[in-house]
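So you can see what is in the structure, the chains are spelled out below.
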Amino acid sequence: MTILATIIVLGVLIFVHELGHFAAAKAVGVEVQRFSIGLGPKVLSFKRGETEYALSAIPLGGYVKMGGMADEVMEKVEGGATGEERRPGPRDFDAKPLWARAFVISAGVIMNMIFAFVVYTFVFAHWGFPQLDTARLGYVQGDLLPEGARALTTLAPGTHFSRVGGLDVKNWGDVADGFVHAAPGPLQVETQDPAASVEITVPADATERLHIAQSLGPWIDASVGGVTPGGPADKGGIEAGDRLVAVDGIEVHNWYDFRALVAARPKQSVEITLERDGRELIRPVTLDSGKENRPDGSTVEVGRIGIEAPLDPISYRPISFGEAVVSGYRETTAVTGLIFGFLRQLVTGGISPRSMGSIVTIGEASGSAARAGLDSFLRFMALFSVNLAVLNLLPIPVLDGGHLLFLGIEAVRGRPLSVEQRLRWSNVGFLIVMAIMLWALSNDFLRLFGL
C-alpha cells in the first residue's frame, strides 16, 4: 500500500507540474524536444511530432526539454544533453520575450496550485464539509464572547452539548451551526454529562454570532497523534498513540492543558508522564522554542515539543457546489500559508532542521493517507501539490524560482545574464539542492535507527 501510494502521489504530481511547463511552452510557440517523467536514462519512450515522450529511470522528478534553453546543468541531471551543435531559431526558449519565458517557467507551479484547488473542491463537493464527530466541549475562550453569551463560560470542559436552541446536536458542526444560524434573542443551550441548561442572548450581528462559535473548541484527548521527526518528543522517546498524563507532575486532562503547559516552558527540560500499553512512563524532554502571535499583534516565545494532536473521527456535512468551490479555495490558501509559515520558522530557527524529511517521510505519509480512505488520500495529494509548488518557488538556481530570479534580473538590467553566469549559479544551486536532499534523507535514516 505504501509503495503504491507513493508511486501514485509522485507520478501524478510530477506529471501535473511538467504538464504545466509543456502546455505553456506549446502555447507561446516554444519548441518542446522532450517531455519526461523521471530523471536520468530513458526506460520507455515514443515520439509524436517534434516531441519525445519518455519515462526515465529515477522517479524523483521530471522535466520538459525546450529548444534553445541554455541550462547545461539541468540537461546533465535530466539526461537531456546530446552534445550536438544547434543553431538558434525563432522557436527557441531564449528567443521568446520575457513575459513568455516567465509564463513557461511559472506554469508548473500554477498547475500544481490549480490541481490542489480542483482536488479540494472535488472532495468537498463529493463527500461534503468535514466536521469533528464529537459534541464534547474542550474549552471556552471568554474574551471572544459577546456580552449576552458570557453564561457559556460556566460550562466545564468535557461537557457534552445535546441541544442548541431548536437544533439537536450530533457533532461539532451542529454546535457551530446552532449559534451561527440562531435567531437573535434568547437561546437555550442544553448539555449532558453533566446535565445543565444555560440561556444566552444571541446578538443580531452575524459577526458576533460567529464569535460565539469561534470561542468554543471541541474536546481533544491528551494523547499523541504524531511525532515530528527529529523534534524534542522524538528525541525523548515519545511515540504516536501514547496517552499524555502530566507535565512536570502537573496533571493534564485534555490536549489544551498539555499544550498550555508546554508553551509556558520554552527551552526548558521537562518530565512528560505518559501511559503506553497500560504502563506509566516518564520521559525527560528538552523543549524547543518558537514565536507565537497574540491577538494584539505582539509575539511571545513559547515552548515547542514536536507532537501533533490526535485526529478524532470526522463526519461530512453535504454542501452545495458553490460552497465546495469557496471551501476549496480557502483550503488551498490556508495550506499555502501553513507551508510558507513552516519554511519561515525553519529559517528563523523556530523549527528544528531535523524535522525535514525525504522520500521515506513522503512514503510514510502517503501510505497513512491511503489507509485512511480515498478522501484522506486525495486531500494529502492536494497538500503535497501545494508543497511542491511552494518549494519550486524558492529562489535557488535549477528550481523554477531560480529561473524566475534570472528573468527578474534581466528585467532590471535590460539584458540577460550570460550563459556562463547562469551556468555558474546553476552549479551553485545544484549543490544547494543536493545538500538539502542529502540532509533530509539522513534525517529519515537517523529517525529509522532511533537517533
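Residues numbered from 1 in each chain as written. Predicted model: local features only at pLDDT ≥ 70, side-chain atom pairs only at ≥ 80, totals over all residues. Heavy atoms only, no water.

1. Quick look at the overall build of the protein chain
For step 1, the next point in the chain: What the protein chain contains, in helices and strands, is twelve helices and 18 strands.
For step 2, the next point in the chain: Based on the C-alpha atoms only, the size of the protein chain along its principal axes is roughly 85 × 50 × 45 Å.
For step 3, the next point in the chain: Summarising the internal contacts of the protein chain: among those between residues at least 6 apart in sequence, 65% fall at separations of at least 24.
For step 4, the next point in the chain: Counting every atom, the protein chain has about 23,200 Å² of accessible surface; 61% of that belongs to carbon and sulfur. (Helix = DSSP H or I, 4+ residues; strand = E, 2+ residues; numbered from the N terminus. Contact = heavy atoms within 4.5 Å. Areas by Shrake-Rupley, 256 points an atom, 1.4 Å probe, with all protein chains shown as cover.)

2. Brief notes about unusual backbone geometry
For step 1, the next point in the chain: Here the bond from Asp 193 into Pro 194 is cis, since omega is 5°, no more than 30 degrees from zero.
For step 2, the next point in the chain: You will see that Asp 193, though not glycine, has its phi angle at about 55°, which is positive.
For step 3, the next point in the chain: Given the relative accessible area of 56%, Asp 193 is considered exposed.
For step 4, the next point in the chain: Even without a glycine there, the phi angle at Asp 277 is positive, about 55°.
For step 5, the next point in the chain: Summarising the element assignment, Asp 277 is placed in the loop between strand S13 (269-276) and strand S14 (279-286). (Buried < 20%, exposed > 50% of the residue type's maximum accessible area, 1.4 Å probe, protein only.)

3. Overview of the pattern of salt bridges
For step 1, the next point in the chain: Taken as a whole and assessed by the stated rule, the structure comprises 14 salt bridges.
For step 2, the next point in the chain: Arg 243 is the partner of Glu 275 in a salt bridge, and the nearest nitrogen-oxygen pair spans 3.0 Å. In this pair, Glu 275 sits in strand S13 while Arg 243 sits in strand S11 (residues 243-247), placing the two residues 32 residues apart along the sequence.
For step 3, the next point in the chain: With a shortest N-O distance of 3.8 Å, Lys 267 and Glu 301 are connected by a salt bridge. Remark: Glu 301 occurs in strand S16 (residues 299-304) and Lys 267 occurs in the loop between helix H7 (255-263) and S13; sequence separation between them is 34 residues.
For step 4, the next point in the chain: Since its relative accessible area comes to 57%, Lys 267 is described here as exposed.
For step 5, the next point in the chain: Each of Lys 26, Glu 50 and Arg 91 takes part in salt bridges that share partners, so that together they form one network. (Salt bridge = Lys/Arg side-chain N within 4 Å of Asp/Glu carboxyl O.)

4. Topic: the nonpolar core
For step 1, the next point in the chain: Formed by 45 residues in total, the largest nonpolar core has its most connected members in Val 9, Met 66, Phe 93, Val 104 and Phe 377.
For step 2, the next point in the chain: No other element matches the ten residues that helix H3 (residues 98-127) contributes to this core.
For step 3, the next point in the chain: When near neighbours in sequence (up to four residues on either side) are disregarded, Met 66 contacts Ala 25, Val 30, Glu 31, Val 32, Gln 33, Phe 93 and Val 104.
For step 4, the next point in the chain: Of all hydrophobic cores here, the second largest spans 21 residues; its members include Val 252, Val 270, Ile 272 and Val 285. (Core = buried A, V, L, I, M, F, W, Y, C linked by side-chain atoms within 4.5 Å.)

5. Topic: the pairing of strand S8 (residues 196-202)
For step 1, the next point in the chain: Sheet topology note: the strand S7 (residues 185-192)/S8 ladder contains seven bridges and is antiparallel. Looking across to S8, one finds that Val 189 is bridged to Val 198.
For step 2, the next point in the chain: Hairpin connection from S7 to S8: three residues lie between these consecutive antiparallel strands, with Asp 193 at a positive phi of about 55°. (Pairing = 2+ DSSP bridges.)

6. Structural notes on the sheet that holds S11
For step 1, the next point in the chain: A sheet is described by the order of its strands in space; here four strands give the open sequence S12-S11-S13-S14, paired in antiparallel fashion. Two strands in the sheet have a free side with no partner beyond their single neighbour: strand S12 (250-251) and S14.
For step 2, the next point in the chain: Here two bridges tie S11 to S12, and the two strands are oriented antiparallel to one another. Bridging across to S12, Val 247 finds its partner in Ile 250.
For step 3, the next point in the chain: On the sheet, H7 packs against S11, S12 and S13 and is oriented at approximately 45° with respect to S11. (Axes fitted to C-alpha atoms, helices over the stretch in contact; angles between N-to-C directions.)

7. Points about a nonpolar patch on the surface
For step 1, the next point in the chain: A grouping of Ile 58, Leu 60, Ile 359, Met 434, Met 437, Leu 441 and Phe 445 is seen on the molecular surface, where their side chains present a nonpolar patch of about 560 Å² in accessible area.
For step 2, the next point in the chain: Mapped onto the nonpolar patch, the elements with two or more residues apiece are strand S2 (51-66) and helix H12 (419-448).
For step 3, the next point in the chain: Sorting elements by how many residues they give to the nonpolar patch places H12 first, with four residues.
For step 4, the next point in the chain: Judged by relative accessible area, Met 437 falls into the partly exposed class, the value being 40%. (Patch = residues over 30% accessible without salt bridge, like charges linked within 9 Å, V, L, I, M, F, W, Y side chains within 5 Å.)

8. Focus: the packing of aromatic side chains
For step 1, the next point in the chain: Taken as a whole, this structure holds eleven aromatic pairs when the rule is applied.
For step 2, the next point in the chain: Taking 5.3 Å as the distance between ring centres and 80° as the angle between the ring planes, the aromatic pair formed by Phe 22 and Phe 35 counts as edge-to-face. With Phe 22 in helix H1 (residues 2-27) and Phe 35 in strand S1 (residues 32-48), this residue pair connects regions lying 13 residues apart in the sequence.
For step 3, the next point in the chain: Here the aromatic rings of Phe 46 and Tyr 53 are separated by 5.3 Å at their centres, their planes lie at 20°, and the arrangement is stacked.
For step 4, the next point in the chain: Residue classification places Tyr 53 among the partly exposed positions, given a relative accessible area of 22%. (Phe/Tyr/Trp six-rings, centres within 6.5 Å; stacked < 30°, edge-to-face > 60°.)

9. Structural notes on H3
For step 1, the next point in the chain: Relative to the 44 Å expected for 30 residues at 1.5 Å per residue, H3 spans 43 Å between its end C-alpha atoms, a close match to the ideal helical length.
For step 2, the next point in the chain: If you look at H3, its biggest bend is around 45°, right at Ala 107.
For step 3, the next point in the chain: Once H3 finishes, Gly 128 follows within two positions and takes phi at roughly 110°, a positive value. (Expected span 1.5 Å × (residues − 1). Bend = angle between axes of the 7 residues up to and from the residue.)

10. Side note on helix H9 (residues 359-372)
Each α-helix winds once per 3.6 residues, and so residues spaced three or four apart point in a common direction.
For step 1, the next point in the chain: Taking 1.5 Å per residue as the helical rise, H9 with its 14 residues ought to reach 20 Å, and the 20 Å between its terminal C-alpha atoms agrees with that figure.
For step 2, the next point in the chain: Those residues of H9 that fall on the buried side of the exposure criterion are Ile 362, Gly 363, Ser 366, Gly 367, Ala 369 and Ala 370. Projected down its long axis, H9 carries its buried residues within an arc of 165°, all on one side. Exposed and facing more than 90 degrees away from the buried side of H9 are Arg 371 and Ala 372.
For step 3, the next point in the chain: At the C-terminal side of H9, Gly 373 shows a positive phi close to 125°. (Arc of directions from axis to C-beta.)

11. Overview of the packing of H1 against H3
For step 1, the next point in the chain: Packing of H1 against H3 leaves a shortest axis separation of 7 Å and a crossing angle of 140°. It follows that H1 is oblique to H3 by the angle criterion. For H1 against H3, the interelement crossing comes out right-handed. Judged by residue contacts, Val 12, Leu 13, Val 16, His 17, Leu 19, Gly 20, His 21, Ala 24 and Ala 25 of H1 engage Phe 103, Val 104, Ile 105, Ala 107, Gly 108, Val 109, Met 111, Asn 112 and Phe 115 from H3.
For step 2, the next point in the chain: The residue makeup of the contact of H1 with H3, split by class, is 13 nonpolar, five polar and no charged. (Parallel < 35°, antiparallel > 145°, perpendicular 65-115°, else oblique. Left-handed = near helix turned anticlockwise from the far one by under 90°. Nonpolar A, V, L, I, M, F, W, Y, C, P; charged D, E, K, R; others polar.)

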